[in-house]
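# Architecture and fold: a report
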Amino acid sequence: QAAQGYYEEITAAHVPVGTWLAGLEGRPPPDTGAHYPELTRPADPWLERELKPDWSGDVAGGTRLSINRFGMRDRPDLTRAKPPGVCRLAFVGSSVVMGYGVNDDETFPHVLEDRLNAGRPPDGPRCQVLNFGAGMSDVIQRRALIDRKVFGFEPDAVYYVAHQDEFVSPVRHLARLATKGEPL
């Protein structure tokens, strides 16, 4: 009975019409906002792309996406130096960590930081959850990011969030590096 109700609810859900179907019906395609390449810039062969510092705009589904001055999907008032009495947790991963498709205050690192600090005494220790997530990235890029950027923020712990892209993307990336003659 539970499964039957579950599937009935799925079929009753409104599914937005995509660009392709809109074209078939002779309607203009829906505005999808900026796409990932627009909020990134080319980087070296190891990172390939990185988030553009100080970029802000609407993306898929009309959600607001802001990148701070450090090229992170994180709070704009973040400092590189760790403030006294703060525990820093750094998260690296793909677009899931970055929060592509949700508003700035809805990314899980943002929500986690708010929840960890909720109800703490004003003079009590604070926690900062740093969002180093970047879409279209793999383990090779994340390792370079950790070495080059994450450790500079003095994290107390680094959390690596894996995704299904771990199976294919690193092999392709490694092949591109080898083809370009990068020392491995």
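In short, a report on the structure. (Residues numbered from 1 in each chain as written. Predicted model: local features only at pLDDT ≥ 70, side-chain atom pairs only at ≥ 80, totals over all residues. Heavy atoms only, no water.)

## Quick word on the state of the cysteines
Taken as a whole and assessed by the stated rule, the structure comprises zero disulfides. Of the cysteine sulfurs around C87, a residue in no disulfide, the closest is that of C127, at 4.6 Å. Residue classification places C127 among the buried positions, given a relative accessible area of 10%. (Disulfide = S-S within 2.5 Å. Buried < 20%, exposed > 50% of the residue type's maximum accessible area, 1.4 Å probe, protein only.)

## What to know about helix α5 (residues 139–148)
Helical periodicity: at 3.6 residues per turn, an α-helix aligns residues three or four positions apart in one direction. Those residues of α5 not exposed but buried are I140, Q141, R142, A144, L145 and I146. Residues of α5 that are buried in the fold lie against β5 (86–92), β7 (157–160) and α6 (169–179). Where α5 begins, the side chain of D138 points an oxygen toward the backbone nitrogen of I140, at a separation of 2.8 Å. (Helix = DSSP H or I, 4+ residues; strand = E, 2+ residues; numbered from the N terminus. Contact = heavy atoms within 4.5 Å. Polar contact = N/O pair within 3.5 Å; in protein donor to acceptor, adjacent residues only side chain to side chain.)

## Some points on the nonpolar core
Counting 13 residues, the largest nonpolar core has M72, F132, V150 and F153 as its most contacted members. Counting residues per element, the ones that place at least two in this core are β5 and α5. Here this core takes three residues from α5, the largest share from any one element. The contacts of F153, once residues within four sequence positions are left out, are F70, M72, L78, T79, R80, K82, R88, L130 and F132. Y36, L51, L65 and A134 belong to the second-largest nonpolar core, a separate cluster that totals ten residues. (Core = buried A, V, L, I, M, F, W, Y, C linked by side-chain atoms within 4.5 Å.)

## What to know about the pattern of salt bridges
Applying the stated criterion across every chain yields a total of nine salt bridges. A salt bridge links D44 to R148, with the shortest nitrogen-to-oxygen separation between them at 2.4 Å. Of this pair, D44 sits in the loop between β1 (40–42) and β2 (49–51) while R148 is found in helix α5, placing the two residues 104 residues apart along the sequence. For the salt bridge of R143 with D147, the shortest nitrogen-to-oxygen distance reads 3.0 Å. Within this pair, R143 and its partner D147 are both found in helix α5, separated by four residues, close to a single helical turn. In this structure, a network of salt bridges that share partners links the residues R75, E113 and D114. (Salt bridge = Lys/Arg side-chain N within 4 Å of Asp/Glu carboxyl O.)

## What about the environment of H163?
You can see H163 is positioned in the loop between β7 and α6. C-alpha of H163 to C-alpha of S95: the two residues are 68 residues apart in sequence and 9.4 Å apart in space. Contact partners of H163, with chain neighbours within four places excluded, come to S94 and V96.

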